Amino acid sequence: MASNQEPINTFSSRIAVLPEANIDTDQIIPARFLTTTSRKGLGVAAFNDWRYEKDGTPKPDFILNTIDPEEHRVLVGGNNFGCGSSREHAPWALTDYGFKAVISTEIADIFTSNSLKNGLLPIVVTPEIHENLLKNPQQRVTIDLESNELRLEDGTVFIFKIEAFARQCLLEGVDAMGWLINRLPAIETYENEHAA
């Protein structure tokens, strides 16, 4: 495998709910944290301005300060999640914190693209599924990327959409370059067989 992304297949997790609409990328990771080119350590800065007091003290009632990231791998956001400027640091911060998926009724296109390239699964659901998640904020869900299923605790199954190549990369735990590198032996064989 030619990437440091964690493959996503089937996993179960409790959800963490941030019901606010229009959560933009500057709220996910403020611009002052964009000077790094490494994703490592950005989870500490995820939702920094909502999560910490001005003196750096964690706000005791903010959701990311009250949950166990190992148990809560799915973030449920309000409508229009990930709007705002394009920054790979937003999915980097969320995955470094521990999230593997983000669920909302609408996820900004550029955030979706950046997430899929960086190991974070964005899932767009119906208002009914979203309402179920918001009303049951501690429920455990199962995400099955092999069958594109989101399974809720009450037995409800929702089939979500994802672009085929992005899905394959997430299943393998690679980005587009890693996918190509993994196929290098087959590419070299083909080129050798079809050399002029």
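Quantities reported herein were computed from a predicted structural model and do not represent experimental measurements.

So, how was this worked out
- Residues numbered from 1 in each chain as written.
- Predicted model: local features only at pLDDT ≥ 70, side-chain atom pairs only at ≥ 80, totals over all residues.
- Heavy atoms only, no water.
- Salt bridge = Lys/Arg side-chain N within 4 Å of Asp/Glu carboxyl O.
- Helix = DSSP H or I, 4+ residues; strand = E, 2+ residues; numbered from the N terminus.
- Buried < 20%, exposed > 50% of the residue type's maximum accessible area, 1.4 Å probe, protein only.
- Phe/Tyr/Trp six-rings, centres within 6.5 Å; stacked < 30°, edge-to-face > 60°.
- Polar contact = N/O pair within 3.5 Å; in protein donor to acceptor, adjacent residues only side chain to side chain.

**Some remarks on the pattern of salt bridges**
Across all of its chains, the model carries eight salt bridges by this definition. Across the pair Lys 100 and Glu 6 runs a salt bridge whose closest N-O atoms are separated by 3.3 Å. Residue Lys 100 is located in the loop between α3 (89–97) and β3 (101–104), and its partner Glu 6 is located in the segment before β1 (10–18); the two are separated by 94 residues in the primary sequence. For Lys 100, a relative accessible area of 9% corresponds to the buried category. Asp 26 is paired through a salt bridge with Arg 87; the nearest N and O atoms lie 3.2 Å apart. One end of the pair, Asp 26, is in helix α1 (residues 25–28); the other, Arg 87, is in the loop between β2 (72–77) and α3, with 61 residues separating them in the sequence.

**Section: the packing of aromatic side chains**
Centre-to-centre distance and the angle between the planes together describe a pair of aromatic rings. Using the criterion set out here, one finds five aromatic pairs in the structure. Look at Trp 50 and Phe 62: their rings are 6.3 Å apart centre to centre, the planes differ by 75°, and that puts the pair in the edge-to-face class. Remark: Phe 62 occurs in the loop between α2 (48–51) and β2 and Trp 50 occurs in helix α2; sequence separation between them is 12 residues. An aromatic cluster is defined as three or more aromatic residues linked by ring pairs; in this entry it consists of Phe 47, Trp 50 and Phe 62.

**Some words on helix α6 (residues 164–172)**
For α6, every residue scored as buried is listed here: Ala 166, Arg 167, Cys 169, Leu 170, Leu 171 and Glu 172. Where α6 begins, one side-chain oxygen reaches toward the backbone nitrogen of Phe 165, 3.0 Å away; that side chain belongs to Glu 163. Once α6 ends, the next one or two residues include Gly 173, with phi positive near 75°.

Purely spatial values, then, with no claim about function.
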